[in-house]
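# Fold and contact review
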Amino acid sequence: MASWALSRITNLQKHFNPTNPTSKGERMVKISPEVSEALSLGKAVVALESTIISHGMPYPQNLETAKEVEAIVRQNGAIPATIAILDGIPCVGLSVEELERLAILGRKARKTARRDIAHVVATGGNGATTVSTTMFFASMVGIPIFVTGGIGGVHRHGESTMDISSDLIELGRTPVAVVSAGVKSILDISRTLEYLETQGVCVAAYQTSEFPAFFTEKSGCQAPCRVDSPEDCARLIDTNINLQLKTGILIAVPIPTQHSASGNIIESAIQRALKEAREQNISGSAETPFLLARVNELTGGTSLSSSIL
């Protein structure tokens, strides 16, 4: 726990000693008063991404979902820190007005991975943060926990296209624990797990030995390791910090059984959506939003309901 305590002391020094130098990058980030106070006092803060708001679902459902997620974080004793780039300023912790603005912007806000940060900031643009960007800014300001729906991964046929999400690289170099429902089943889950192993990322499944597939509880892939309680998770995160491994951790929590979509229905819809994406030459950063939207259409909203829950 020594490194954890040292991290908190460092945050205290930054907030209460104005003469203490900070990096230029950190000075470019706007931290909300609530999040800043929580970090200064050593309170629990949970980072949240914003791509789900702008690209994951339509307005006003996206705004209501964002508010509900933040409320759940508060109900569990932590402070939510939704991260986005607004008018070229990276923001850690959004006000209700800023959340609504992002929700209304929708796809007009750029889907911002790590490679896009400099351009969005330099041009004064609006960016919705992906997993990789959210991890980057969370780590920059000292937030060690990030909760999201599903991470990116190796796309199907990625061995030919080399389409691999920057989320995986970020997990290999940024010491933030990511809690998610696993890897989206539109991706190649087995190759994604192999890639994370290559990056040295600890991957654990919560109260199960099988890695979850975002929409469903099971993927058919064995989880590298298992944790069975919040205390197990805390020890894992703390050990990763103490050993200074400098890598992230992925803790995969299966969607509850009652909300799990039918695996066969989802898989059939995914195969059809993938075929349509190839026929329309949709690739790169546009592919995942297209696939998720098309799978939702083909399943009559079942996949979106699972995603929200």
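Residues numbered from 1 in each chain as written. Predicted model: local features only at pLDDT ≥ 70, side-chain atom pairs only at ≥ 80, totals over all residues. Heavy atoms only, no water.

## Details of the pairing of strand β4 (residues 89-92)
Two strands pair when backbone bridges link them, and strand β1 (residues 30-31) and β4 are joined in this way by 2 bridges, in the parallel orientation. Along β4, the bridge assignment pairs I31 with V92. Where strand β3 (residues 79-86) and β4 come together, 4 bridges link them in antiparallel fashion. Among the inter-strand pairings, I85 is bridged to a residue of β4, identified as P90. Hairpin geometry of β3 and β4 is characterised by an intervening segment of 2 residues between the two adjacent antiparallel strands and by a positive phi of about 50 degrees at D87. (Pairing = 2+ DSSP bridges. Helix = DSSP H or I, 4+ residues; strand = E, 2+ residues; numbered from the N terminus.)

## Some remarks on the packing of helix α10 (residues 166-173) against helix α11 (residues 189-198)
Running from amino to carboxyl end, α10 crosses α11 at an angle of 30 degrees, the nearest separation of the two axes being 9 Å. In this view, α10 runs roughly parallel relative to α11, as classed from their interaxial angle. Considering how the two elements wind past one another, α10 and α11 form a crossing that is right-handed. Residue-level contacts link L168, I169 and L171 of α10 to T192, Y195 and L196 of α11. Partitioning the contact of α10 with α11 into residue classes produces 5 nonpolar, 1 polar and no charged. (Axes fitted to C-alpha atoms, helices over the stretch in contact; angles between N-to-C directions. Parallel < 35°, antiparallel > 145°, perpendicular 65-115°, else oblique. Left-handed = near helix turned anticlockwise from the far one by under 90°. Contact = heavy atoms within 4.5 Å. Nonpolar A, V, L, I, M, F, W, Y, C, P; charged D, E, K, R; others polar.)

## A look at the environment of G172
Of note, G172 is situated in helix α10. Residues G172 and Q199 lie 27 residues apart in sequence; the distance between their C-alpha atoms is 4.9 Å. Residues in contact with G172, not counting those within four places in the same chain, are Q199, V201, K246 and T247.

Everything listed here is a matter of coordinates, which is why it stays silent on function.
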